[in-house]
Amino acid sequence: MKSSRKTKQKEIIEKELLSMNSFFNADDLFRVIRKKDNAIGIATIYRFLKKKSGDGELHSYICAGKKLYSIGKRNHSHFICKKCGKTSHFNIEEISAIRNSIKGDICHFQLDVYGICEYCKKNRFNIDKS
Ligand SMILES: [Zn+2]
Ligand SMILES: [Zn+2]
Ligand SMILES: [Zn+2]
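Residues numbered from 1 in each chain as written. Chains lettered and ligands numbered in written order. Predicted model: local features only at pLDDT ≥ 70, side-chain atom pairs only at ≥ 80, totals over all residues.

## Observations concerning helix α2 (residues 26-36)
Since there are 3.6 residues in each turn of an α-helix, residues three or four apart along the chain are aligned in direction.
Part 1: Ala-26, Leu-29 and Ile-33 are the residues of α2 that are buried. Buried residues in α2, looked at end-on, bunch into an arc of 70°, giving them a common side. Turned more than 90 degrees away from the buried face of α2, the exposed residues are Asp-27, Arg-31 and Lys-35. (Buried ≥ 20, exposed ≤ 12 C-beta atoms within 10 Å, placed from the backbone. Helix = DSSP H or I, 4+ residues; strand = E, 2+ residues; numbered from the N terminus. Arc of directions from axis to C-beta.)

## Some remarks on the pairing of strand β5 (residues 110-115)
Part 1: The element β5 is largely exposed, with a buried count of 0 among its 6 residues.
Part 2: Both strand β3 (residues 76-81) and β5 contribute to a ladder of 6 bridges, which runs parallel. In the sheet register, Ser-77 faces β5, and the bridge partner there is Leu-111. (Pairing = 2+ DSSP bridges.)

## Overview of helix α3 (residues 42-54)
Part 1: If you check α3, its first and last C-alpha atoms are 18 Å apart, about what 13 residues at 1.5 Å a residue would give, namely 18 Å.
Part 2: Where α3 is concerned, the buried positions are Ile-45, Phe-48 and Leu-49. Buried residues of α3 fall within an arc of 95° about the axis and therefore sit on the same side. Across α3 from its buried face, at more than 90 degrees, point the exposed residues Ala-43, Lys-51 and Gly-54. (Expected span 1.5 Å × (residues − 1).)

What follows is the structure, given as structure tokens:
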């Protein structure tokens, strides 16, 4: 009885997982799952996602301190301003430089690039004074 219920839960999660597009986190998936079966807890979702990414079926990233997942292979990169902490996302298509520095096959990657954002660059003098 118990195991069949678990199997059914897993089926629901598997199905809803496919409706996730682009990047998503455990909360995003949880919100969708709740509508189908509100007996499924967030801990189950966490376990499911961890297992899936361990099996290589999901790709994982860290975004704003949270684990982010993707069904498809995607790269996820941040430009983080050292002054104001603002994070913007950017996408790299051309990865030959990265590929050339790595021995082995690349699955996906995440880059965190730090610098000064345009806004802070323009307001450089005001910020430096304070
Ligand atoms: Zn991957
Ligand atoms: Zn991000
Ligand atoms: Zn800034």
